[in-house]
Amino acid sequence: MSKQAILIQCHKNPEQVNLLLAALQHPDVDIYIHVDKKSDIGSRLRTSSQIHILPDKYRVDVQWATFSQVRATLNLLRYASHHGEYEHYWLCSGQDYPIKSIDEIVRFLHSKPDANFIQIWDSKNSTGGGTENNYDKRTAIYFPAFVLGNSTAKRIAKRALVELTGGWNRSLSIFRRKAPDNVKFYFGSSWICLSGEAECWMESYLKSHHEYIRFYRNVNCPDESFFQTLVMNSPYKDNREDYLHYVDWSEGGNSPKTLTIDDYEKISGSDKLMARKFDLTANKKIIERLKRNND
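Residues numbered from 1 in each chain as written. Predicted model: local features only at pLDDT ≥ 70, side-chain atom pairs only at ≥ 80, totals over all residues. Heavy atoms only, no water.

Visitor: Describe the packing of helix α2 (residues 67-81) against helix α6 (residues 196-208), naming the residues involved and giving the relevant values.
Guide: Packed helices, taken two at a time, are described by the angle their axes make and the gap between the axes. Across the interface, α2 lies against α6 with an axial gap of 11 Å and an inter-helix angle of 115 degrees. The orientation of α2 relative to α6 falls into the category roughly perpendicular. The element α2 and its partner α6 pack so that their crossing is left-handed. Here Leu74, Leu77, Arg78 and Ser81 of α2 come into contact with α6, specifically with Glu199, Met202, Glu203 and Leu206. For the contact of α2 with α6, the per-class residue count stands at 4 nonpolar, 1 polar and 3 charged. (Axes fitted to C-alpha atoms, helices over the stretch in contact; angles between N-to-C directions. Helix = DSSP H or I, 4+ residues; strand = E, 2+ residues; numbered from the N terminus. Parallel < 35°, antiparallel > 145°, perpendicular 65-115°, else oblique. Left-handed = near helix turned anticlockwise from the far one by under 90°. Contact = heavy atoms within 4.5 Å. Nonpolar A, V, L, I, M, F, W, Y, C, P; charged D, E, K, R; others polar.)

Visitor: Break down the environment of Asn293 for me, citing the residues and quoting the values.
Guide: Examined against the element boundaries, Asn293 turns out to sit in helix α10 (residues 285-294). Along the chain, Asn293 and Ser268 lie 25 residues apart, while their C-alpha atoms are 9.2 Å from each other.

Visitor: Describe helix α1 (residues 14-23), and please don't skip the residues or the numbers.
Guide: Of all 10 residues making up α1, 7 are buried, and the element is well covered by its neighbours. Considered for burial, the residues of α1 that qualify are Pro14, Gln16, Val17, Asn18, Leu20, Leu21 and Ala23. (Buried < 20%, exposed > 50% of the residue type's maximum accessible area, 1.4 Å probe, protein only.)

Visitor: With reference to specific residues and values, describe the packing of aromatic side chains.
Guide: In the structure shown here, the tally under the stated rule is 17 aromatic pairs. When the centroid spacing of 6.0 Å and the interplanar angle of 80 degrees are considered together, the rings of Tyr32 and Tyr86 count as edge-to-face. You can see Tyr32 sitting in strand β2 (residues 29-35) and its partner Tyr86 sitting in strand β4 (residues 86-93), a full 54 residues away along the chain. For the pair shown, Tyr32 and Tyr86 are each scored as buried. (Phe/Tyr/Trp six-rings, centres within 6.5 Å; stacked < 30°, edge-to-face > 60°.)

Visitor: Break down the sheet that holds strand β11 (residues 245-247) for me, with residues and values.
Guide: The 3 strands are arranged β5-β12-β11 in an open sheet whose pairing can be described as mixed. Edge positions in the sheet fall to β5 (97-98) and β11, since each has one partner strand and no second. (Pairing = 2+ DSSP bridges.)

Visitor: Now, about the layout of surface pockets: what can you tell me, with residues and values included?
Guide: Of the voids in this model, the largest pocket is the one considered here, and its volume is about 1500 Å³. Every residue lining the largest pocket is counted, 47 residues in all, and those nearest its centre are Trp64, Gln69, Glu224, Asn254 and Ser255. For the lining of the largest pocket, the secondary-structure elements that each account for two or more residues are β1 (3-10), α2, β4, α4 (134-140) and α5 (152-164). Here the residues of the lining of the largest pocket sort into 17 nonpolar, 19 polar and 11 charged. (1 Å grid on protein atoms, 1.4 Å probe; cavity = no way out; pocket = protein on both sides within 12 Å on 5 of 7 lines; lining within 4 Å. Points joined across faces, edges and corners; volume = space filled by probe spheres on them.)

Visitor: Any details on the state of the cysteines? Residues and values, ideally.
Guide: One pass over the structure, following the stated rule, counts 0 disulfides. Here Cys193 is not disulfide-linked; the sulfur of Cys92 is the nearest cysteine sulfur, at 8.0 Å. Not part of a disulfide, Cys200 finds its nearest cysteine sulfur in Cys193, a span of 16 Å. Among the residues examined, Cys200 registers a relative accessible area of 52% and is labelled exposed. (Disulfide = S-S within 2.5 Å.)

Visitor: Before we move on, can you summarise the environment of Phe185 with the specific residues and values?
Guide: Looking at the secondary structure, you find Phe185 in the loop between α5 and β8 (186-187). On the accessibility criterion, Phe185 (13% relative accessible area) is buried. In this structure the C-alpha to C-alpha distance between Phe185 and Gln69, which are 116 residues apart in sequence, comes to 18 Å. If we skip the residues at most four places from it in the chain, Phe185 touches Ser123, Thr139, Ala179, Pro180, Phe215, Tyr216 and Thr229.

Any functional reading would require information that these geometric values do not contain.
Next up, the structure:
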């Protein structure tokens with residue numbers, strides 16, 4: 001029976017990451033960890049024969065809404081696939097915690113060896129009538145590096161560029177980019193789980209289609225389109241199910257709600273396997289409660 005690879009991106013709260021690592025221990029699971037280049041928590045993370053921290057040369061300084069997030073994921077996928085053959089490659093965050101026990105998670109993944117668990121939003125999906133929306137805008141025009149990021153200056157520069165090129169809901173033809181390899185674009189959550197076959201196909205495709213990566217270096221929030229577009233333009237587009245994370249976006253904004261003990265009933269009643277995001281320093285009780293359930 002094939003093993004599962006769980007890929008973790010983290011940058012803070014080593015105590016919380018170690019709780020996650022402990023919850024994911026299983027003979028059929030190997031864990032690969034990308035520690036943000038600007039973080040020093042790597043030496044404080046637990047290690048074992050099944051927990052692998054990526055060497056420094058594979059670490060990326062991850063910045064919000066930039067290609068660095070995709071690069072960190074690609075490094076995790078490639079490093080894991082070159083060190084073992086896995087049934088699935090599941091991307092998670094250091095601020096996640098499982099809703100189900102690791103035994104239940106492993107049984108579920110083993111029961112669906114060919115499935116890709118990935119959230120998919122079709123291009124031009126939210127305004128109706130085939131008109132462009134703010135997701136389409138992310139890939140429609142060229143976003144230079146100086147406008148991508150989370151600083152106030154970058155946000156102002158990006159907004160000015162968006163307005164210059166037609167606004168969030170359309171793009172003037174003079175500014176439109178040609179899609180690499182004529183792909184159709186898709187969008188969704190960063191937290192993907194790819195089958196071994198799909199991951200292998202993806203690596204092969206990217207090796208022979210360098211223009212795809214070049215294109216996405218200048219996409220806004222590329223981590224929410226790069227892998228969705230690959231899967232939906234691949235031979236595996238029909239082997240997919242919804243993603244495996246419980247995430248609460250009810251507060252709006254660019255980040256999901258930080259879950260607390262008040263969210264326990266909603267979390268435990270979900271059919272998802274993993275929840276995010278948590279902050280051990282702000283609310284430890286919710287992680288303790290989930291841990292008791294899974295033990």
